[in-house]
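# Breakdown of the fold
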Amino acid sequence: MEPCGAAAGGDVCMCQTVFPAHANHRGELSAGQLLKWMDATACLAAEKHAGVSCVTASMDDIQFEEAARVGQIITIKAKVNRAFKTSMEVGIKVTVQDVLTNVEKIVSVAYATYVAKAVGAGKIELEPVKLLSAEDHLEHTLAIERRRIRLGYEQVFQNLMQESNKEDTFEEEDAVSTDLTHVQSIELVQPPHANHHGNTFGGQIMAWMETVASISASRLCRSYPVLKSVNMFKFWGPSVVGDRLVFNAIVNNIFQNSVEVGVRVEAYNCEEWIKDQARHINSAFLIFNTVNDKGELLTFPRIKPTTKVSSHPQE
């Protein structure tokens, strides 16, 4: 990726032409590749403000509005909206431009949280963000509300899970067992997947999660699913070079024209791998839909839930 112009404060702007290596079979930019670029750009913005290395803590719900195609230009702008004691909210805006028509469309707007890593035994206390415009002031104010919502996510989700466990299970005739949608993948974290401190890039983990979730959804729809959103993406712990990451994906539920896939990520070092002692490092929920050759949304078959494989972030 190349910088796309000067930026002040904690602002970073990066541009990238979409090449065939970045695209899927439809010639559209892979969602996993885009997530990696978004994370890398936002991390640079966080580090520009903090002056030290930063790691991804979470990504708010990410919605994808447009698809970018081979030959088009992706522009990613990231800026720090608000700095707390050791963490920052970074706003991310992604647009796509067609070089032939010069038409520009919004692909996604997202918010991520990054944590500054102290050097040695030192302590970090971030400087406040300089507010230069009315938009800066607005985002700075909204950031504290978004942070409150993020912190409340865990308790809300636990309550929902407790309520759902009280419900009776049901089976429908001709329903597809979610067992058939379970996908497991194992990745070895190597130096290209990590920063200079050896911590795995959050965007790389997101890309791997998108891959297994897409395979899981495809087993239900018998087609090529399209990622529409990523929800409740949060890191519960770190992973480093040399770790084995185990990804488990399964369909949680279907709606009229979309399907939710839960993904759980566990990490093992060499000793933990032998003893089968997993570290839960990440979970997220990915929403897919699928279209036919005419671009019309397709419906998904009914499912029969199973409890054998769980994508619950806390289990």
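Residues numbered from 1 in each chain as written. Predicted model: local features only at pLDDT ≥ 70, side-chain atom pairs only at ≥ 80, totals over all residues. Heavy atoms only, no water.

## A look at the side chain of N195
- Residue placement: N195 occurs in the loop between β9 (183-188) and α3 (202-221).
- Reaching out from N195, the side chain makes a polar contact with the backbone nitrogen of H197 at a distance of 2.9 Å.
- Excluding residues within four positions of it along the chain, N195 makes contact with V55 and F201. (Helix = DSSP H or I, 4+ residues; strand = E, 2+ residues; numbered from the N terminus. Polar contact = N/O pair within 3.5 Å; in protein donor to acceptor, adjacent residues only side chain to side chain. Contact = heavy atoms within 4.5 Å.)

## Observations concerning the pattern of salt bridges
- Throughout the structure, instances matching the rule amount to ten salt bridges.
- Where D243 meets R279, a salt bridge forms, and the shortest distance between an N and an O atom there is 3.0 Å. Of this pair, D243 sits in the loop between β10 (226-235) and β11 (244-254) while R279 sits in strand β13 (residues 279-289), placing them 36 residues apart in sequence.
- Its relative accessible area of 26% is what places R279 among the partly exposed residues.
- Between E271 and K275 there is a salt bridge, and its shortest N-O distance comes to 3.0 Å. Placement of the pair is E271 and K275 together in helix α4 (residues 270-275), with a separation of four residues, close to one helical turn.
- Classification of K275 by relative accessible area gives partly exposed; the value is 48%.
- Salt bridges sharing partners connect three or more residues here, namely R26, E28 and R69. (Salt bridge = Lys/Arg side-chain N within 4 Å of Asp/Glu carboxyl O. Buried < 20%, exposed > 50% of the residue type's maximum accessible area, 1.4 Å probe, protein only.)

## Digging into helix α1 (residues 31-50)
- With 20 residues, α1 ought to run about 28 Å at 1.5 Å a step, and its terminal C-alpha atoms sit 28 Å apart, in line with that.
- Of all 20 residues making up α1, 14 are buried, and the element is well covered by its neighbours.
- At the C-terminal side of α1, G51 shows a positive phi close to 80°. (Expected span 1.5 Å × (residues − 1).)

## With respect to empty space enclosed by the protein
- Summed over the entire model, instances satisfying the criterion amount to one cavity of 30 Å³ or more.
- What the largest cavity holds in volume is close to 30 Å³.
- As for the largest cavity, its lining consists of L35, M206, M209, V230, F233, A284 and L286.
- Counting residues per element, the ones that place at least two in the lining of the largest cavity are α3, β10 and β13.
- Taken together, the residues of the lining of the largest cavity break down into seven nonpolar, no polar and no charged. (1 Å grid on protein atoms, 1.4 Å probe; cavity = no way out; pocket = protein on both sides within 12 Å on 5 of 7 lines; lining within 4 Å. Points joined across faces, edges and corners; volume = space filled by probe spheres on them. Nonpolar A, V, L, I, M, F, W, Y, C, P; charged D, E, K, R; others polar.)

## Side note on the environment of K130
- Looking at the element boundaries, K130 is found in the loop between β7 (104-116) and α2 (134-166).
- What makes K130 exposed here is its relative accessible area of 70%.
- When the C-alpha positions of K130 and H140 are compared, they lie 9.8 Å apart, and in sequence the two are ten residues distant.

## Comments concerning the packing of aromatic side chains
- For the coordinates displayed, the defined rule picks out three aromatic pairs.
- Geometry around Y111 places R146 over its ring, the cationic atom sitting 3.8 Å from the centre. (Phe/Tyr/Trp six-rings, centres within 6.5 Å; stacked < 30°, edge-to-face > 60°. Lys NZ or Arg CZ within 6 Å of the ring centre and 35° of its normal.)

Keep in mind these values describe shape, not function.
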